[in-house]
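# Close look at the chain arrangement
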Amino acid sequence: MTPLERIRLLCKKSGISMTALEEKLEFSNGSISKPKDIPSSRIIKIAEYFGVSTDWILTGEEDRKSTRLNS
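What this report covers is the structure whose coordinates are included nearby. Just so it is clear, the structure is predicted and the values come from calculations on it, not from any experiment.

### Here's the deal with the overall build of the protein
In terms of helices and strands, the protein carries 5 helices and 0 strands. For the protein, the α and β elements follow one another from N to C terminus as α-α-α-α-α. Here the protein, with 71 residues, has 31% of them falling under the buried criterion. In the form shown here, the protein has an accessible surface area of approximately 5000 Å², with 49% of it arising from carbon and sulfur atoms.

In structure tokens:
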């Protein structure tokens, strides 16, 4: 699964469209769904919005180090 597919999954689970997410985060229209590579600054904002780690968006796995610190 690609980062874009994981973002789409988060949107679907949250009942929000990609366009609505772009609007909420003040990104230009198509800035998430159209580029091949999403800039890291946008990945960070998306992760914060959904309450997930950037690692999960990028790789599908949680950062074990930060998980242990939060336990």
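Moving on from the model shown.
### Some points on the packing of aromatic side chains
Considering all chains together, one arrives at 1 aromatic pair under this definition. Plain terms: the ring middles of Tyr-49 and Phe-50 are 4.9 Å apart, the flat faces sit at 85° to each other, and that makes the pair edge-to-face. Accessibility expressed as a relative area gives 36% for Tyr-49, which makes it partly exposed. Phe-50 sits in the buried class, given a relative accessible area of 16%.

### Here we look at helix 3 (residues 40-50)
Among the residues of helix 3, those classed as buried are Ile-43, Ile-46, Ala-47 and Phe-50. Relative to the axis of helix 3, the buried residues are bounded by an arc of 100° and lie together on one face. In this structure, the buried residues of helix 3 make contact with helix 1 (3-14), helix 2 (18-24) and helix 4 (54-59). Where helix 3 terminates, the next one or two residues include Gly-51, which has phi positive at roughly 70°.

Thresholds applied
- Residues numbered from 1 in each chain as written.
- Predicted model: local features only at pLDDT ≥ 70, side-chain atom pairs only at ≥ 80, totals over all residues.
- Heavy atoms only, no water.
- Helix = DSSP H or I, 4+ residues; strand = E, 2+ residues; numbered from the N terminus.
- Buried < 20%, exposed > 50% of the residue type's maximum accessible area, 1.4 Å probe, protein only.
- Areas by Shrake-Rupley, 256 points an atom, 1.4 Å probe, with all protein chains shown as cover.
- Phe/Tyr/Trp six-rings, centres within 6.5 Å; stacked < 30°, edge-to-face > 60°.
- Arc of directions from axis to C-beta.
- Contact = heavy atoms within 4.5 Å.

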